[in-house]
Amino acid sequence: MKSSNKQLKHLETRAIHSGRVGDPSFGSLATPIHQTSTFIFDNVEQGANRFAGEEQGYIYSRLGNPTVRELEQKMAALENTEDAAAFGSGMGAVSATLLANLKQGDHLVASSALYGCSFALINHKFPDFGIEVTFVDITDEQEVEKAIQENTKLIYFETPINPNLVCVDMAKISAIAKRHNLLTIMDNTFMSPVLQQPSDFDMDLIIHSATKYLNGHGDVIGGIVCGSEEQIGHIKMTTQKDMGATMSPNDAWLITRGLKTLSVRVERHCDNAEKVADYLATHSDIEQVYYPGLKDHPAHYLIGTQMKRAGGVIAFEVKGGFDDAVRFMNQLDLCHIAVSLGDAETLIQHPASMTHSTYTPEERAEAGISETLIRISVGLEHHDDIIADLEQALKRMK
Ligand SMILES: CSC/C=C(/NCc1c(COP(=O)(O)O)cnc(C)c1O)C(=O)O
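Residues numbered from 1 in each chain as written. Predicted model: local features only at pLDDT ≥ 70, side-chain atom pairs only at ≥ 80, totals over all residues. Heavy atoms only, no water.

### Focus: the overall build of the chain
Counting its regular elements, the chain contains 14 helices and twelve strands. Taken over C-alpha atoms, the radius of gyration comes to 21 Å for the chain, in line with the 21 Å a tight globule of 398 residues would show. Summarising its shape, the C-alpha atoms of the chain cover approximately 75 × 50 × 35 Å along the three principal directions. In the chain, 71% of the contacts between residues at least 6 apart in sequence involve partners at least 24 apart. For the chain, the accessible area works out to roughly 17,200 Å², and carbon and sulfur atoms hold 53% of it. With 34 positive and 53 negative side-chain charges, the chain shows a separation of 5 Å between the mean positions of the two kinds. (Helix = DSSP H or I, 4+ residues; strand = E, 2+ residues; numbered from the N terminus. Rg over C-alpha atoms; globule rule 2.2 N^0.38 Å. Contact = heavy atoms within 4.5 Å. Areas by Shrake-Rupley, 256 points an atom, 1.4 Å probe, with all protein chains shown as cover. Lys, Arg positive; Asp, Glu negative; His and termini not counted. Charge placed at Lys NZ, Arg CZ, Asp CG, Glu CD.)

The structure is reproduced here in C-alpha cells:
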C-alpha cells in the first residue's frame, strides 16, 4: 500500500513523493505533461454530469488539469494545508485570492511594505472596485488592531517582507485576527515551506510566487495559494474559473520537478547567504545590512522558532548615495543585475527604481524602503566566488 501524504513525515520526502498523479497507462516515473486544452467525454450525459459536479473527471484545463493537480497536491502537502490552487503567476495567485474574499464596500488591513505589484493592485486597483484599504506598519500590533473597522474582512502581509527583510511575528497577527474574526492571508515566497510553515500559526491562506524558490531555475512564472478545502474550492470556483489566471501543464511540470530539490537548494541558499551577510556586515564600505540571520536584526528572535533559517535574500546599503550604489552594481561580473529571486544564479537589483518603482518616494519612505537599498538574491554558486565578485565591485565603486 503506497504511503499517503499523512504517512510521509519529513518535508524532504513529501517534496518528492507527495501528490503523485503518476502514469496509470505506461508507468512512467515522471508524471506526463498533459498539454491539452480540453478533455473528451464518453457521451453527453458524462459531460453534463461533470459540469454539474456530479461526476469526477476533467473537463477543460482552465478548470483543472492532471499535471497541474499534482503540483497543487504536492504544495498542499508541503504547506500542511488541505488543498492548493495553481496560477499562471504569483500575481495571479495574489489577485485571485484577495478578490475571492473581498467585495465592494469591504475593507482590508495590509502591510504598507509589500512586493511592488501587490502594493499597486491593492493601492491603485482595489479602490476602483470600491474596496477600502488601510496600510499599516504590520509589525506594530497596536497599529494593526486600531486599523480594523466593522467592514474589515482580512489582514494581508508578507514575511519576510520584500524588499527590506522586515519580519512579522505571525503568532501576534493570528491573535489579532482571531479576536476580530478576520481572515489572514500571507505571502511565504521569501521562505518557501522549507523554512517557514505559516499553517503552524493558523494562517488561513498561504501564497507563493512559484517563480522563485519553488521552481528555482529562473525559467517559469507561476503562483500558488494553499489553504482549506473550502477556501481553495471557493477560489477555484470564482476568481480562478472566471478570471482565468491558469497555470500551463508544462509550467506545472517544471515547478513539480523543481520541488524535488527544493530542500537542498534552500539550505544551500541559506549557507551562502549567511556567509555573504557576514562579509557585508563587516565591510567598511557597507552602511547597513538587513538580514534576519544577523544578531542585530530586530526579528532575529524568530530564527529557530517561526523561521528555520533566514533565507537567501539580503538587503543592504553601500556607504555614499544612490550614485555609489549604481556604480557598485554596474561593476559586478558574476552577479546578474536582474529582478526576481530564488534562482540558482545570484541576482541583484535596486528596489526603488525596479521592483518597488510602483511606490512614490513618499510611499516608499512610509514603507521603510530606502532610495539606496540594494536587494541581493544569493544563488547556488560557490560562496567564495559570490563574495569575490562583490569585493571587486566594491573596490572599483570608489
Ligand atoms: C517585475 S519584479 C519581479 C518579481 C518579484 N517578485 C514577485 C513577487 C510576487 C509576484 O510573483 P510573480 O507574478 O510570479 O512575479 C508575489 N509575491 C512576492 C513576495 C514577490 O516577490 C521581485 O523581483 O521582487
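Having seen the structure, we can now continue with the description.
### Some words on the packing of helix H3 (residues 66–78) against helix H10 (residues 249–259)
The interhelical angle for the contact between H3 and H10, taken along N-to-C directions, is 35°, at an axis separation of 8 Å. Relative to H10, the crossing made by H3 is left-handed. Judged by residue contacts, Thr67, Val68, Glu70, Leu71, Lys74, Met75 and Leu78 of H3 engage Pro249, Ala252, Trp253, Ile255, Thr256 and Leu259 from H10. For the contact of H3 with H10, a count of residues per class yields nine nonpolar, two polar and two charged. (Axes fitted to C-alpha atoms, helices over the stretch in contact; angles between N-to-C directions. Left-handed = near helix turned anticlockwise from the far one by under 90°. Nonpolar A, V, L, I, M, F, W, Y, C, P; charged D, E, K, R; others polar.)

### Examining the environment of Ile176
Relative to the assigned elements, Ile176 resides in helix H7 (residues 170–180). Among the residues examined, Ile176 registers a relative accessible area of 1% and is labelled buried. With 134 residues separating them along the chain, Ile176 and Ala310 place their C-alpha atoms 25 Å apart. When sequence neighbours within four positions are dropped, the list of residues in contact with Ile176 reads Glu141, Val144, Glu145, Ile148 and Ile155. (Buried < 20%, exposed > 50% of the residue type's maximum accessible area, 1.4 Å probe, protein only.)

### Quick word on the sheet that holds strand S9 (residues 313–318)
Ordered in space as S8-S9-S12-S11-S10, the five strands form an open sheet in which the pairing is mixed. Strand pairing shows two members of the sheet lacking a second neighbour, strand S8 (286–290) and strand S10 (336–337), which therefore form its edges. Here three bridges tie strand S11 (residues 347–349) to strand S12 (residues 374–377), and the two strands are oriented antiparallel to one another. Looking across to S12, one finds that Leu347 is bridged to Ser377. Relative to S9, helix H12 (residues 322–330) is tilted by about 125°, and along the sheet it contacts S9, S10, S11 and S12. (Pairing = 2+ DSSP bridges.)

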